Structures are given as structure tokens and as C-alpha cells.
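This is what each chain is made of:
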Amino acid sequence: MTVIYQRGYTMEDESVLIKIRKDKLREIREELKINPFPYKYDVTDYSAGIIENFEEYSSSGKIASAAGRIMALRVMGKASFCTIQDAEGRIQLYVAEKSIGEAGYRLFNKLDIGDIIGVKGAVRRTKTGEITIFIADLVLLSKNIRPLPIVKEKDGEVFDAFADKELRYRNRHVDLIVTPGVKETFIKRIAIIRHIKKILDDKNFCEVETPVLQPVYGGAAASPFTSHHNALDLRLYLRISLEPYLKRLIVGGMERVYEIGKCFRNEGIDRTHNPEFTMLELYQAYADFTDMMSLTEEIITGTAAALNGSAKIAYEGKEIDLAPPWRRLKVVDALAEYAGLRVAEMSDRDLEAGLDKLGSEIRGGFNRGLAINDLFKLLVEDKLVQPIFITHYPAETTPLCKPDYDDERFLQRFELFINGTEIANAYSESNDPILQRKTLYEQSLRRDVDKEAPPMDENFVQAIEAGMPPTGGLGIGIDRLVMLLTGATSIRDVLLFPTMRPQE
RNA sequence: GAGACGCUAGCUCAGUCGGUAGAGCAACUGCCUUUUAAGCAGUGGGUCCCGAGUUCAAUUCUCGGGCGUCUCACCA
């Protein structure tokens, strides 16, 4: 049996809600002779500005010209209210037939939540005190035919939130419209990046762009995405880090370079990992890793202060104080302090047994340096809540870093931890070409046992052979920094379009 | 990769100890010249994720599958 729904429609194929809106669209075109999709509108006033400068508007009788999306409608006989949302926020409109005319009110009666309109009118308070545009002119700028979730809010309490996270990520355009705070998070993200760029630009760093598509990838240990160039019949990889090309620029004499860009790693997805993510990497000639520490403090503290007006941030109920200087602690000392392990005095067998007890083993066979690194990751990392530079990682953890002055088993490297998460990673960069060729070659041999070890990059080694000045390098995970500074607990909340499995 | 939980109206959610389902908002109709989470009144709206099994009968129970969320593991 066919069920007759509203306006004679049945509940088949397309949603009845959409059909009804398409009808209204047709009626607006054919009966009202109005183009529902005009080309432009002269917007001179915005919601927040109107509310802020209310006295000026009301005393002068200045006519506001605003545009926005209808978020609430309270339609009554000949005088109605609606609320529109624009780039700055929301403002109420008073829509009276006697002000906008019969034709205008006929149009208004065909409007839905989600439509975009332009309005002109004086700004006054209503009887109940709400600042409102009393509109004298109404223009439809775009007709909505796919209804939005109706989210309501009063005194910070949200009713009928658009709560299904999957739907929110898949339909970020809807999420941005209806979920309070989402747009603000992304505006903060933009502000953070802008601030970091300003700090670096002021220090005469050059922002550069390096290849995303690379014949050989490197600079980290990760599985790459693979692509193919048809005309060259060439396998290309999406970069897993920015490092190899930025260092070529240091060799080339660009003494301070940075790039903020996407890197891609073909790995799992979780709360802190997305297959594509944004990294800042910078390289400064004639600097070492201690210079990178100061710069890291300056970038992160300065950005937090610019964003929140304070060096203290609240994250997951914890208070984190970003005021520098931050503590510096060697990996082996951190293991002693936080896990009671004196690794320097432990035999290889003891280390292996310790790892085994934690259910961990080294890919490609036991290796003392990697064992110490793993013990640190498993036992210490998540205890590092306040900002701390962990320094002097074992030499086996990376081929791209200079060994320390008096103990070659450890590197001039640090990672910054805040709230148990790695936020930054920095080195005194390796520039001894003999050593660099050796360590990269050895790393490439590990590919047999460790799929994530990158292949040998001959062109990169030749660049180092041309002579690279002593250089400090720093990488900061922008997504995680944004999470920290915005209080987001999932990387998906700071990515406009997180990677999702396609539907159907 | 493991575990927990979830999938019911456009949205947020109830519910059925097995008898094909409800609320609020949205929608539709009527009334209405100052409302505000929602003006007032009324009306409609469902492949209860998919498949198999048990049963007279499955949205509900069992098994399998899909998708998702969270936690843990992995991840230089």
C-alpha cells in the first residue's frame, strides 16, 4: 500500500522533506517571479559588529545591510521573527508585512531554515530587549533544499546537538553551520599557523614549498602512500616528512627555511593520527639543537599567549604551564626518574627482558639503542605532562642527527613532550657526509626486517657531500599543537576534513 | 590488531521480558502584527543497519556480516 504523505507525496525515493523544498523553490520562481539564486549582495554590516555598536546604530537610525543563513524561524500572521547566522555570529530579524510589503512577506512565508537571505533595516531593541534588525527589505540569496539538523542553544546549554561524530566529519559543512564552537576551533587553528609564520618571518626565515610527490621518500620511518606518474611511467611517493628537501635548500645557501605542509603516512588512524597531517619543519644554518629549544619555547609560548592571552592552558582537566624555560632531561635520566631504571648499568639481556615484560620487541632483532628508546616510550612518555625537553636519544633512533660531543652513543636531539604527547622533535643536523652516507646506507639495509625504514636517497647524500653548514632543525606537529591549544581531544576535531572510509 | 558500546522518523533519543513502534524538535495544515530552546492548535511521517537461524510470529533472541564511536595496542 502506498502511503500518502504531505502535499500528496509518498515516502519513496527522495526524502519528502526535500521534495517539499524543491516545490517551494519552483513556486518562488514561477509564482513570485523571483530568482532564488541571485549573483551578489552588498553586505556592509555583520552580526557581532551590529550588537557591539548597537548604540550607534539605534541613535543614528543607520540602516544595516546584512546577509546570512536562516537558523530559526518564528513565523506569525503579519509580523514574524527569524535569526540569521553570518561570519561573526547570529542576529535576530523582525519581519513585518507592513515594512517589507505584501510581496516581501509572501516570499518570507516560503523561506525555510537553511536559506540564505540579505536584509536591510534599522537596528533596535525589541520589547524583550533583544537587539534586532527591523528589516525593510528582504532578498533571497540562496534556497536550501536539504534540511539542516536543528540545534538549539540557551545559556550555553545545547539542545538536540548534531552529535553523531561520523556524520559530523562526513558532513563538515553541516557541522560548521550548526554545531557551536566548531568554526571557532578552526579559526584558532588558522590563527596559530599565522602566528607561527609571523614569528619565523620576523626572524628572516623563508617559507618555501618542496615536492609532495617524491621518487624517494625519507626523513622519518613510516610507510608511504604510493602513486604513479603516467607520462614518465614513474612510481612516486607522497612525502612522509619535509626534511630531505629543506636540507637541500640549506646546502643551497638558503640559511633559514621553513615549510608548513601536509605529510602523509600510510598507517593506522586513531585519536592522534590521521593519514595526512600538517608539519612545521624549519632549518637554521649555524645553529644547534639548543638554539632549537629556545626557538621552540618562543614559538609555542608566544602562540599560546597570542591565542589565549596566557601561558597557562587547561587540557583534559589538567593545568599546563607553558611559561619557559622548560625542563631539560636526558632520556636515560628520565628513565631513572620516572621508571626507576638505570639503563646505563643494565645489560642487553636485562633491557630485552624489560621490554619483553612490557610485551614489546624490537623490529628486526634486538638493538640496545632502540631498546632504551622503546623503554622510554612505554614507561615515561605519558607521565610528561608539563612541557619538558627530553634530550640525548640513542644514536640508533635516527641517522640524520649529530652525535653528542663526548658520548657518540647519544645524539644532540630533543623531543618536546606536553601532556604526554610528542609535540616537537629537533636535531643538531648531521652534516658529516662520510658518516651520513654510512648511517643512511645502514638504515636502508634494515628494510629487510623493518618495512618502515626508508630507502637510500643517493641525491640527498650527494647534497650533504656538497657541504652543509652546521644546522639546527626543528619539526612541530601542527595538528597536535592545535589540539593542545584548543583543548581538542581528537585530531579529527582540528582537521576540517579528516580521512574517512567512503560511504557505501 | 583486541575489547566495550552503538546502529529505531530529517535531528536528538525512548521502547518492545518476541505480537511489525513512541517523544521532543524539524515538516505539513490552520490561526496569529513583538517572538526567542519552542507563538498557539492540529496532522502526517519508519527497510527499527544487512543476512541467516530459532519461532505460529523477530525491530526485539542466537549466529554471522557491515559500519561507527570509545578505550587499549601499534605508529622515530
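So, a few notes on the structure that sits alongside this text.

Conventions and cut-offs
Residues numbered from 1 in each chain as written. Chains lettered and ligands numbered in written order. Predicted model: local features only at pLDDT ≥ 70, side-chain atom pairs only at ≥ 80, totals over all residues. Heavy atoms only, no water. Helix = DSSP H or I, 4+ residues; strand = E, 2+ residues; numbered from the N terminus. Buried < 20%, exposed > 50% of the residue type's maximum accessible area, 1.4 Å probe, protein only. Contact = heavy atoms within 4.5 Å. Areas by Shrake-Rupley, 256 points an atom, 1.4 Å probe, with all protein chains shown as cover. Lys, Arg positive; Asp, Glu negative; His and termini not counted. Charge placed at Lys NZ, Arg CZ, Asp CG, Glu CD. Polar contact = N/O pair within 3.5 Å; in protein donor to acceptor, adjacent residues only side chain to side chain. Near = heavy atom within 4 Å. Nonpolar A, V, L, I, M, F, W, Y, C, P; charged D, E, K, R; others polar. Pairing = 2+ DSSP bridges. Axes fitted to C-alpha atoms, helices over the stretch in contact; angles between N-to-C directions. Core = buried A, V, L, I, M, F, W, Y, C linked by side-chain atoms within 4.5 Å.

### Describing the overall build of chain A
- The secondary structure content of chain A amounts to 15 helices and 20 strands.
- Its C-alpha atoms put chain A at 85 × 60 × 45 Å along the principal axes.
- Relative to its full complement of 504 residues, chain A shows a buried share of 47%.
- Expressed as a percentage of contacts within chain A between residues at least 6 apart in sequence, the contacts between residues at least 24 apart total 63%.
- Roughly 25400 Å² of accessible area belongs to chain A as shown, and the carbon and sulfur atoms make up 50% of that amount.
- Across chain A, the 67 positively charged side chains and the 77 negatively charged ones have centroids separated by 6 Å.

### Notes on the side chain of Asn-419
- Looking at the element boundaries, Asn-419 is found in the loop between strand 18 (413-418) and strand 19 (421-428).
- Taking relative accessible area as the criterion, Asn-419 reaches 11% and is therefore assigned buried.
- Side-chain polar atoms of Asn-419 contact the side chain of Glu-316, separated by 3.4 Å.
- If near-sequence neighbours (up to four positions away) are discounted, Asn-419 is found in contact with Tyr-315, Glu-316, Lys-318, Ile-320, Leu-384, Val-385 and Leu-484.

### Remarks on the protein's contact with RNA strand B
- Residues in close proximity to RNA strand B total 51 residues, the closest being Thr-126, Thr-128, Lys-152, His-273 and Arg-492.
- When atoms of RNA strand B within 4 Å of the protein are split into backbone and base, the sugar-phosphate part holds 58%.
- Taking Val-75, its main chain carries an N or O atom lying 3.2 Å from a base oxygen of RNA strand B.
- Gln-92 has a polar side-chain atom sitting 3.0 Å from a base oxygen of RNA strand B.
- Of all elements in the fold, only helix 1 (16-30), strand 2 (79-85), strand 3 (90-96), strand 6 (152-154) and helix 5 (165-170) reach the threshold of two or more residues within the surface near RNA strand B.
- Here the residues of the surface near RNA strand B sort into 21 nonpolar, eight polar and 22 charged.

### Observations regarding the sheet that holds strand 1 (residues 63-74)
- What the five strands build is a closed barrel, ordered 1-2-3-5-4; its pairing is mixed. When strand polarity is set aside, the average angle formed by the axes of neighbouring strands in this sheet is 55 degrees.
- The pairing of strand 4 (residues 116-125) with strand 5 (residues 131-142) spans ten bridges and is antiparallel. Bridging from a neighbouring strand, Gly-121 pairs with Ile-135 of strand 5.
- Across the sheet, helix 4 (residues 97-108) is in contact with strand 1, strand 2, strand 3 and strand 5; its angle to strand 5 comes to roughly 35 degrees.

### A look at the nonpolar core
- Among the nonpolar cores identified, the biggest contains 42 residues, and Ile-196, Leu-280, Leu-282, Ile-299, Leu-322 and Leu-474 are the most heavily contacted of them.
- Here this core gets seven residues from one element, more than from any other, and that element is helix 9 (residues 289-308).
- Setting aside residues up to four positions removed in sequence, Leu-282 forms contacts with Leu-200, Phe-205, Val-257, Tyr-258, Met-292, Leu-295, Ile-299, Gly-472, Gly-473 and Leu-474.
- In this structure, Ile-28, Ile-70, Ile-117 and Val-119 belong to the second largest nonpolar core, which totals 27 residues.

Taken by themselves, the reported measurements are silent on function.
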